[in-house]
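Read off the chains here:
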Amino acid sequence: MGIPQPSFYIFKCEQSSPPGMPKPSCVTAQTQDLFQYLAQSLMKEGIMGTVQPIRTSCMNRCNAGPIILVEPGHTMYVRLTKEKIDRIITEHIIGGNVVEEYVIDSELWDAPITPADMKKQMGR
Ligand code: FES
């Protein structure tokens, strides 16, 4: 039997805008420990490895930050807090049910466009 692949990847935006930038960011003085909290919570649950947390740069939904993206499923959670992380791990990652009340508004996260359709739209 081979090495099992992870069941989930959790991408955490770790973008921090320089002071004075008009664009918001997902890492501020108040939220800078969320990735560490996420990783520690997965370790405490004993599910690190089958759930792989990954630091990313901006995923272009800064106004709703801090955000995480759970794959598979393209589930984006917004305005993240430690309390939300606890529920996401318990209810979604372990329990299998998306925590709908924390999911990004569909106005900001509509269905994807396939690469083939995007090429057609661009006339290529
Ligand atoms: S800074 Fe996190 S989504 Fe843009």
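Residues numbered from 1 in each chain as written. Predicted model: local features only at pLDDT ≥ 70, side-chain atom pairs only at ≥ 80, totals over all residues.

### Let's talk about the nonpolar core
Right, so step 1: Core analysis: the largest hydrophobic core is formed by 20 residues, its most contacted members being Leu38, Ile67, Ile68, Tyr77, Leu80, Ile85 and Ile88.
Right, so step 2: If sequence neighbours within four positions are ignored, isoleucine 67 has contacts with Cys13, Cys26, Met59, Arg61, Met76, Tyr77, Val78 and Leu80. (Core = buried A, V, L, I, M, F, W, Y, C linked by C-beta atoms within 7 Å. Buried ≥ 20, exposed ≤ 12 C-beta atoms within 10 Å, placed from the backbone. Contact = placed C-beta atoms within 7 Å.)

### Notes on the packing of helix α1 (residues 34-45) against helix α2 (residues 82-94)
Right, so step 1: Interhelical geometry of α1 versus α2 gives an angle of 35° and a closest axis separation of 10 Å. Once α1 is placed against α2, the crossing between them reads as right-handed. Two secondary-structure elements touch here, α1 through Leu34, Tyr37, Leu38, Ser41, Leu42 and Glu45 and α2 through Lys82, Ile85, Asp86 and Ile89.
Right, so step 2: Classifying every residue of the contact of α1 with α2 gives six nonpolar, one polar and three charged. (Axes fitted to C-alpha atoms, helices over the stretch in contact; angles between N-to-C directions. Helix = DSSP H or I, 4+ residues; strand = E, 2+ residues; numbered from the N terminus. Left-handed = near helix turned anticlockwise from the far one by under 90°. Nonpolar A, V, L, I, M, F, W, Y, C, P; charged D, E, K, R; others polar.)

Just distances and angles here, no functional claims.
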